[in-house]
Amino acid sequence: GGLNQVTIQLETGKQIDGDVIRSFPEVDLAFIYVEQNTNDLIPFSPLAGVPDDVPLTVVSANGQVARGKQRKTKRQLAAQWFPTDITALPDAGGCPVLDDKHFLVGMITRNTTSTSSYVYGLNINAIRQYVEIFRQETTSGGRIYCPSCGYYSQAPAAGGYYRELCGGVTPHARQIVRFR
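Small disclaimer: the values here were computed from a predicted structure and weren't measured.

What counts, and where the lines are drawn
- Residues numbered from 1 in each chain as written.
- Predicted model: local features only at pLDDT ≥ 70, side-chain atom pairs only at ≥ 80, totals over all residues.
- Heavy atoms only, no water.
- Helix = DSSP H or I, 4+ residues; strand = E, 2+ residues; numbered from the N terminus.
- Expected span 1.5 Å × (residues − 1).
- Buried < 20%, exposed > 50% of the residue type's maximum accessible area, 1.4 Å probe, protein only.
- Arc of directions from axis to C-beta.
- Polar contact = N/O pair within 3.5 Å; in protein donor to acceptor, adjacent residues only side chain to side chain.
- Pairing = 2+ DSSP bridges.
- Axes fitted to C-alpha atoms, helices over the stretch in contact; angles between N-to-C directions.
- Contact = heavy atoms within 4.5 Å.

Once that is clear, we can look at helix H1 (residues 124-139). The terminal C-alpha atoms of H1, which comprises 16 residues, lie 23 Å apart, in line with the 22 Å expected from a rise of 1.5 Å per residue. Every buried residue belonging to H1 is among Ile124, Ala126, Ile127, Tyr130, Phe134 and Glu137, and all of these are buried. End-on view of H1: buried residues confined to an arc of 155 degrees, all on one side of the axis. In H1, the exposed positions angled more than 90 degrees off the buried face are occupied by Gln129 and Thr139. The backbone nitrogen of Asn125 lies 2.7 Å from a side-chain oxygen of the residue at the head of H1, namely Asn123.

All right, on to the environment of Ala78 then. For Ala78, the location among the structural elements is in the loop between strand E5 (65-69) and strand E6 (81-83). A sequence separation of 54 residues divides Ala78 from Phe24, and the C-alpha atoms of the two residues are 15 Å apart.

Read across the sheet, 6 strands follow the order E5-E4-E7-E8-E9-E6 without closing on themselves; strand pairing throughout is antiparallel. Bordering the open sheet on either side are E5 and E6, each of which pairs with just one other strand. Each neighbouring strand pair of the sheet contributes to a mean axis angle of 35 degrees, computed without reference to strand direction. With respect to the sheet, H1 is in contact with strand E8 (104-108) and strand E9 (120-123), its orientation differing from that of E9 by roughly 50 degrees.

A few words on the sheet that holds strand E2 (residues 15-24). Within the open sheet, the 3 strands sit side by side as E1-E2-E3. Their pairing is antiparallel. Bordering the open sheet on either side are strand E1 (5-9) and strand E3 (29-33), each of which pairs with just one other strand. Taken over all neighbouring pairs, the strand axes of this sheet differ in orientation by 50 degrees on average, direction set aside. Bridge count for E2 against E3 is 5 bridges, and the pairing is antiparallel. Its bridge partner lying in E3, Ser23 is registered against Ala30. Strands E2 and E3 of the sheet are contacted by H1, whose axis makes an angle of about 55 degrees with E3.

Shown next as structure tokens:
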């Protein structure tokens, strides 16, 4: 939604500020930086996809749970998505989705189709690929995050006034008066 900062509520109820460092609007995914140590991580599913009819559990930050299963579909879906039979979420989405063996299979989104109220999950392997894209972007210097479009822009490194994807003005160019 173009935010640079968001408030993150931890499972303890403590709230901390987080900085949006990259987003991928096309898959409803944002990476948020917080200064918080983590002791336990949910193990990732070893499978490439989510099998048909596997039971799914969605756990929200406030502890509410939604249950469903991976839904068979005749539609051709991009590999990053898996359909569910879940129609009601406990919050805005972005919650982990666990399979029947308690492996992390993805993240639930509020994405639906115009013909159905079922929500979709973003596969954990796709999320890992987006993490790799972000890692590669951050190792090639001179890029900055653009909250307008969610992408890393190369325009500032080249001295550009406008970001190449969305046309937004780069931070260094905001104070420059170009016309009078």
